[in-house]
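Listed below are the residues making up each chain.
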Amino acid sequence: MSGRAICLPLQRMSSLMSLEHPVIAIDGYSSCGKSTVAKSLAKVLGIRYIDSGAMYRAVTWYFLENKIYFPLAGEHSDLDYRPTLDQIHIHFEVKAATGESEIFLNGHNLKKEIRTMEVSDNVSHVSAIKEVRKRMVSLQQQMNTGAGLVMDGRDIGTTVFPNADLKIFMTADPEIRAMRRYREMLSAGVEVSLDDVRNNINSRDYEDTHREESPLRMAPDAVVLDNSHLNFDEQVEFVLERIRNLRPA
Ligand code: DC
């Protein structure tokens, strides 16, 4: 996936930016291609990329693996999750060979485990737990060391970094998103039907936008990027254009 936008030499890109270490928040619906765009931007800008969804997926994997009860949609629980969360240590490592950022939970690389249908089917429930969100938001905020950061998720521009230098809200037609994710999963060797992928996307959209704790909302100062009919290069260029125009606050 190379193109005009991502081939822009680093030096030239930074000379076009008024801000040297921007914090860029990319939020939006499931399977919009947020992480592909975010990763590429981080590479062009020479700054860190964090996939906040991977963190909620890792916690979900831990809950499933350790059979920890969590409430389903419409259920309520007064359980204190703090002792469980105290057992969970998450960090990212950048693989030297590929430059890919991979997630570790208690020292285990969970790159593959967090992409199963079982995790996808439960992550909205676990990520709706107040205490889980509190911990993850705090961890995400600590990841901003001042060296610039691209983070994607659902509440980055609204809750994690409300003062981000640039906020992008990505969206696309749900049917196009389902087809993209279906193809992605097939090529990753995951056996799944298009119906299952479509249902999962629809229910995650619903739960992400209806949960009590920091639901998916567009920040009032976010720029909408509807990529239903845009190719990858066009999406990256769309964001780069806005980054070039950034001015220090
Ligand atoms: O980006 P993703 O589809 O891998 O995210 C998985 C789930 O994690 C998503 O359904 C909702 C949740 N999530 C969240 O609640 N807040 C975030 N900032 C990122 C993800």
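Residues numbered from 1 in each chain as written. Predicted model: local features only at pLDDT ≥ 70, side-chain atom pairs only at ≥ 80, totals over all residues. Heavy atoms only, no water.

Trainee: How should the sheet that holds strand 7 (residues 166–171) be read in this particular structure?
Mentor: Sheets are built from strands that pair by backbone hydrogen bonding, the pairs being arranged parallel or antiparallel. In space, the five strands of this open sheet follow the order 2-6-1-7-8, with parallel pairing throughout. The strands lining the two open edges of the sheet, one partner per strand, are strand 2 (48–51) and strand 8 (223–226). The mean angle between the axes of side-by-side strands here comes to 20°, regardless of whether they run parallel or antiparallel. Where strand 7 and strand 8 come together, four bridges link them in parallel fashion. Bridging from a neighbouring strand, Met170 pairs with Leu225 of strand 8. Relative to the sheet, helix 2 (residues 34–45) contacts strand 1 (23–28), strand 2, strand 6 (149–153) and strand 7, its axis offset from that of strand 6 by approximately 180°. (Pairing = 2+ DSSP bridges. Helix = DSSP H or I, 4+ residues; strand = E, 2+ residues; numbered from the N terminus. Axes fitted to C-alpha atoms, helices over the stretch in contact; angles between N-to-C directions. Contact = heavy atoms within 4.5 Å.)

Trainee: Where do I start with the sheet that holds strand 4 (residues 101–105) in this structure?
Mentor: Across the sheet, three strands lie side by side as 3-4-5; this open sheet has antiparallel pairing. At either margin of the open sheet sits one strand with a lone partner, and together these are strand 3 (90–94) and strand 5 (108–109). On top of the sheet, helix 3 (residues 52–65) reaches strand 3 and strand 4; it is set at about 30° to strand 4, its chief contact.

Trainee: I keep staring at the pattern of salt bridges and nothing clicks. Help me out?
Mentor: When the charged atoms of two side chains lie near each other, side chains of opposite charge can form a pair. As enumerated under the stated definition, the model contains 15 salt bridges in all. With a shortest N-O distance of 2.9 Å, Asp86 and Arg135 are connected by a salt bridge. Taken together, the positions of Asp86 in helix 4 (residues 82–86) and Arg135 in helix 6 (residues 130–142) put the pair 49 residues apart, joining distant regions of the chain. By relative accessible area, Asp86 is classed as partly exposed at 44%. When the shortest N-O distance is used, the salt bridge between Arg133 and Asp155 registers 3.0 Å. Of this pair, Arg133 sits in helix 6 while Asp155 sits in the loop between strand 6 and helix 7 (156–160), and the two are 22 residues apart along the sequence. Asp155 carries the same exposure label as Arg133, and that label is buried. (Salt bridge = Lys/Arg side-chain N within 4 Å of Asp/Glu carboxyl O. Buried < 20%, exposed > 50% of the residue type's maximum accessible area, 1.4 Å probe, protein only.)

Trainee: What am I meant to see in the site of the ligand here?
Mentor: Taken together, 16 residues lie near the ligand, and Arg57, Arg133, Asp155, Arg204 and Arg211 sit nearest. One nitrogen or oxygen atom from the side chain of Arg57 is found 2.7 Å from an oxygen atom belonging to the ligand. One of the side-chain nitrogen or oxygen atoms of Arg204 is found 2.9 Å away from an oxygen atom of the ligand. Of all the secondary structure elements, the ones that give two or more residues to the shell around the ligand are helix 3, helix 5 (117–126) and helix 9 (194–210). (Near = heavy atom within 4 Å. Polar contact = N/O pair within 3.5 Å; in protein donor to acceptor, adjacent residues only side chain to side chain.)

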